[in-house]
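# Remarks on the overall topology
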Amino acid sequence: MSATCYIKRHAAISPGGDAEGKNYLTAAEPDYKSLIDNPGLRRRMSRIIKMGVAAAQMCLKDDIRPEAIVTATGLGCVGDTEKFASQILSLGENLLNPSTFIQSTFNTIGAQIALLHKIEAYNMTYVHRSLSFESALLDSLLLVEEGRHNILVGAIDEMYETPYTIEQRMGLLRNITAGEGAHFFLLDSEPHDACATLLALETGSAPATADCFVETLLQAKGLQAADIDLWLTGENGNTLHDKPFATLDRLVAPTSRRLSYKKICGEYPTAPAAALSMAADEIAGGKARYALIYNHSQEYHSVMLCGSL
Amino acid sequence: MTIYVTGLGVVSAIGCGVEENLDALRHYRHGLDKVSLFETALDVPVGEVKLDNETLAGMLSLDKGFPYSRTMLLGLLAAREACRDAGITAGMPRTGFISGTSVGGMDRSEIFYESFRNDPEQGDIRLTASHDCADSTLRMARRLGITGFTTTISTACSSAANAILLGARLIRSGRLDTVIVGGTDALCRFTLNGFNSLKILDKELCRPYDNSRAGLNLGEGAGYIVLQNEKALRREPYCCLTGYANTNDAFHQTGSSPEGNGAFRAMSEAVTMAGITPDEVSYVNVHGTGTPLNDLSESRAMLRLFDNHVPPFASVKGYIGHALGGSEGIEAVYSALCVARGILLPNLRFATSIEETALTPVVRYSEGNPIRHVLSNAFGFGGNETSLLFSRP
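These numbers come from a predicted model, not from an experiment.

### Brief notes about the overall build of chain A
- Of the regular secondary structure elements, chain A holds 11 helices and 10 strands.
- Against the globule reference of 19 Å for 309 residues, chain A gives a C-alpha radius of gyration of 19 Å, in line with a compact fold.
- For chain A, the spread of C-alpha atoms along the three principal axes comes to 60 × 45 × 30 Å.
- For chain A, with 309 residues in total, the buried portion stands at 62%.
- A separation of at least 24 residues holds for 77% of the contacts in chain A among residues at least 6 apart in sequence.
- Put simply, chain A shows about 11,600 Å² of open surface, and 49% of that area lies on carbon and sulfur atoms.
- Of the charged side chains in chain A, 26 are positive and 36 negative; the average position of the first set lies 4 Å away from that of the second.

### Considerations on the domain arrangement of chain A
All names here are of chain A.
- Splitting chain A by domain gives domain 1 (5–188) and domain 2 (196–307).
- Inter-centroid distance (C-alpha atoms) of domain 1 to domain 2 is 23 Å.
- Contacts between the two partners involve 34 residues from domain 1, matched on the other side by 31 residues from domain 2.
- With both sides pooled, the region where domain 1 packs onto domain 2 buries about 2,600 Å², and carbon together with sulfur makes up 64% of that total.
- Along the contact surface separating domain 1 from domain 2 lie 0 salt bridges.
- The tally of links between domain 1 and domain 2 comes to 11 residue pairs in polar contact (both at pLDDT 80 or more).
- Only strand S1 (5–13), helix H6 (132–145), strand S4 (151–157) and strand S5 (181–188) provide two or more residues apiece to the side of domain 1 that touches domain 2.
- The biggest single contributor to the side of domain 1 that touches domain 2 is H6, with 6 residues.

### Points about the pattern of salt bridges
- Inspection of every chain in the model, using the stated rule, returns 29 salt bridges over all chains.
- In this structure, the salt-bridge partner of Arg175(B) is Glu145(A), at a minimum N-O distance of 2.9 Å. In this pair, Arg175(B) is assigned in the loop between helix H6 (159–172) and strand S5 (178–185) and Glu145(A) in helix H6, connecting two distinct chains.
- On the basis of relative accessible area, Arg175(B) is assigned to the partly exposed category, the value being 24%.
- With relative accessibility at 26%, the residue Glu145(A) sits in the partly exposed group.
- A salt bridge links Glu235(A) to Arg258(A); the shortest N-O distance between them is 2.8 Å. Taken together, the residues Glu235(A) in the loop between strand S7 (230–233) and helix H9 (239–252) and Arg258(A) in strand S8 (residues 257–260) connect sequence positions 23 residues apart.
- Given a relative accessible area of 16%, Glu235(A) falls into the buried group.

### Overview of the side chain of Asp135(B)
- Position of Asp135(B) relative to the elements: it lies in helix H5 (residues 133–144).
- Note on Asp135(B): relative accessible area 4%, which makes it buried.
- The contact partners of Asp135(B), leaving out residues within four places of it in the chain, are Arg129(A), Ala129(B) and Ser130(B).

### Some remarks on the packing of aromatic side chains
- Tallied over the entire structure, the rule returns 14 aromatic pairs over all chains.
- Aromatic side chains Phe84(A) and Phe190(B) sit 5.4 Å apart centroid to centroid with 85° between the ring planes, which places their arrangement in the edge-to-face category. Residue Phe84(A) is found in helix H3 (residues 78–91), and its partner Phe190(B) is found in helix H7 (residues 189–197); the two belong to separate chains.
- Note on Phe84(A): relative accessible area 0%, which makes it buried.

### Overview of the pairing of strand S3 (residues 95–100) of chain B
Residue and element names in this part refer to chain B.
- Burial analysis of S3 places 6 of its 6 residues in the buried class, the great majority of the element.
- Burial of the side chains of S3 extends over both faces: Thr95, Phe97 and Ser99 are buried on one face and Gly96, Ile98 and Gly100 on the other.
- Bridge analysis of S3 against S5 gives 6 bridges, and the strand direction is parallel. Residue pairing across strands places Phe97 opposite Ile180, the latter belonging to S5.
- Two strands pair when backbone bridges link them, and S3 and strand S4 (residues 150–153) are joined in this way by 4 bridges, in the parallel orientation. By the bridge assignment for S4, Ile98 is matched with Thr151.

### Digging into the environment of Ala274(B)
All names here are of chain B.
- Looking at where Ala274 falls in the secondary structure, it is placed in the loop between helix H8 (261–273) and strand S8 (283–285).
- Note on Ala274: relative accessible area 23%, which makes it partly exposed.
- With sequence-adjacent residues up to four places away left out, Ala274 is seen in contact with Thr242, Gly243 and Leu389.

### Thoughts on H9(A)
Residues and elements named next belong to chain A.
- For H9, which comprises 14 residues, the first-to-last C-alpha distance of 20 Å matches the rise-based estimate of 20 Å (1.5 Å per residue) to within 8%.
- Taken together, the buried positions of H9 are His241, Asp242, Phe245, Leu248, Asp249, Leu251 and Val252.
- The elements touched by buried residues of H9 are helix H8 (210–220), S7, S8, helix H10 (262–265) and strand S9 (290–297).
- Among the residues of H9, the N-terminal cap falls to Asn238, whose side-chain oxygen and the backbone nitrogen of Leu240 are separated by 3.0 Å.

### Here we look at unusual backbone geometry
- With a phi angle near 50°, Arg129(A) is a residue other than glycine that sits in the positive phi range.
- Summarising the element assignment, Arg129(A) is placed in the loop between strand S3 (122–126) and H6.
- Here Tyr209(B), not a glycine, exhibits a phi torsion of approximately 65°, which is positive.
- Given a relative accessible area of 0%, Tyr209(B) falls into the buried group.

Thresholds, definitions, all that
Residues numbered from 1 in each chain as written. Chains lettered and ligands numbered in written order. Predicted model: local features only at pLDDT ≥ 70, side-chain atom pairs only at ≥ 80, totals over all residues. Heavy atoms only, no water. Helix = DSSP H or I, 4+ residues; strand = E, 2+ residues; numbered from the N terminus. Rg over C-alpha atoms; globule rule 2.2 N^0.38 Å. Buried < 20%, exposed > 50% of the residue type's maximum accessible area, 1.4 Å probe, protein only. Contact = heavy atoms within 4.5 Å. Areas by Shrake-Rupley, 256 points an atom, 1.4 Å probe, with all protein chains shown as cover. Lys, Arg positive; Asp, Glu negative; His and termini not counted. Charge placed at Lys NZ, Arg CZ, Asp CG, Glu CD. Domains from an automatic or database assignment. Buried area = accessible area lost by both parts, 1.4 Å probe. Salt bridge = Lys/Arg side-chain N within 4 Å of Asp/Glu carboxyl O. Polar contact = N/O pair within 3.5 Å; in protein donor to acceptor, adjacent residues only side chain to side chain. Phe/Tyr/Trp six-rings, centres within 6.5 Å; stacked < 30°, edge-to-face > 60°. Pairing = 2+ DSSP bridges. Expected span 1.5 Å × (residues − 1).

Structure below.
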């Protein structure tokens with residue numbers, strides 16, 4: 001990472017940690033009227049598209065013109081996908097309404113944002129399971145290095161009955177609360193009006209020793225474990241999954257405030273975006289100087305390191 | 001920094017592997033036929049890969065009983081060929097894999113959903129394991145022994161083009177020395193019905209760039225190329241990737257702007273990046289789906305870019321159909337071959353120029369032409385427009 005990357009704005013539509021009697025956490029959705037003012041457009045958008053577009057709108061207020069739009073999602077507009085699949089089965093293969101098919105495309109949210117603001121710039125969508133958001137973030141860092149400004153990067157995933165039932169049946173939710181969320185960030189190489197700095201991003205195959213990996217990463221940035229005052233752990237309640245977090249706790253927890261972010265947003269492919277949003281909030285509010293975010297899933301992991309300006 | 005293309009792998013409706021594809025292209029042999037992979041009431045031609053899943057699994061020495069997605073099987077076959085071609089071995093350092101797909105494992109999950117929809121306790125749950133787009137990529141990376149940066153891109157029909165673009169940028173930024181890039185998509189009932197509901201499928205064989213064109217034929221397949229920097233170079237490259245650009249038409253969720261603004265900017269930026277002028281482009285592998293709108297708007301974008309002097313161009317969709325997320329992977333392989341062997345490809349079933357733009361594509365196959373730069377277009381839903389420029393080293 002050669003160019004410094006600043007987080008200028010961030011916006012979240014996410015759950016507040018209370019499942020309210022449901023099996024999974026759902027996002028507290030805002031009143032969309034002020035964010036997506038065209039009523040026809042608003043009505044045509046499915047729930048996940050509204051969540052994504054609205055979160056992006058919050059980052060784009062005051063006529064900010066991004067020079068790139070990068071989105072990430074694990075399952076995309078899965079509700080629209082299901083509706084179209086269901087239509088094929090119920091109506092047969094004729095006279096189907098194409099709108100849910102169109103909206104089922106993974107790049108729909110990025111495209112809708114571009115359409116809404118006539119942004120003809122770079123537009124990309126990552127769909128790489130638990131590393132979707134980190135891939136989008138890496139692309140954004142490349143874009144910043146390449147000299148682009150105001151990179152809009154976001155992550156969107158939705159949870160509802162069908163994916164919940166399927167994930168439950170697949171055995172993916174043992175002791176885990178599923179969740180969802182839409183998070184967008186505006187990144188730039190200029191610190192003007194920024195709230196936090198993205199100091200490091202690492203993704204890939206999980207190392208045998210997460211603590212050594214993080215320690216080396218911190219050293220490369222001239223930091224020590226004791227400098228981390230906010231520790232955002234990606235543990236999700238599943239004993240097998242949570243193993244690497246214990247070694248990291250020994251490294252950073254003694255000197256930092258520990259936040260188990262999935263208790264608030266739930267587990268979902270792009271959940272680390274919620275952690276980055278929380279880190280930006282805490283740093284902007286002066287409640288932390290350095291935040292460490294660690295997540296892993298299957299044999300892959302990701303580390304994000306944020307700092308104050 | 002020069003980015004070399006050192007390996008090619010392809011599976012399409014006209015064959016498995018580079019040589020089979022070239023042979024079909026040379027002999028004007030298209031691969032469009034009736035749907036045989038799944039039950040459907042839709043009577044439209046499609047470009048299926050003529051190998052069933054069991055055969056594909058056998059060719060790859062995989063467990064024939066496991067419900068791999070067809071997207072993964074097609075992808076692995078093409079990516080393995082590209083790796084072998086370039087001499088990529090398992091565990092090679094600073095080597096990445098980036099794959100594009102628009103459909104993921106829908107070919108499997110739509111079978112599951114039929115039973116699940118009636119009763120959420122029913123349906124073979126193993127069929128859902130490959131639903132997400134990352135499944136095919138991760139399985140392929142594991143089989144190929146690629147341990148470096150791996151990701152999946154889904155920008156509809158430009159997915160593979162954007163995978164190639166990202167790979168080049170990762171090499172340029174110094175993060176990778178070698179990267180296998182491209183895309184894969186399998187045909188399934190969901191996609192066929194989706195395009196049918198949009199009323200853009202031709203019931204006859206598609207006729208890209210012809211005045212009578214009436215829509216596209218869907219296809220399937222996969223194509224991957226290996227990109228390397230000079231340090232990693234072990235063999236004589238096919239060509240270099242000298243330009244690339246990703247823009248957005250910002251006009252309509254599914255349709256292109258009539259003037260092809262996004263297409264114009266993608267092509268123009270790719271050419272500018274290479275430091276050449278448009279008149280130096282020798283050949284354009286057009287997106288050319290065969291829909292009335294795409295071909296007209298792409299024609300207009302070319303007339304503008306080339307100041308009315310459009311170089312030889314052709315669409316290969318008349319051979320293989322539109323393989324969506326895999327299309328630019330396949331067509332990047334063809335484009336690299338065009339540069340390496342001086343090939344001009346024929347645009348099948350062309351008879352009369354589009355009235356508004358009067359452009360005539362290449363209709364005869366030829367080799368040994370003096371080709372320096374080949375521009376290749378991939379445009380998708382959501383206004384995602386990407387152009388790549390392949391050049392002689």
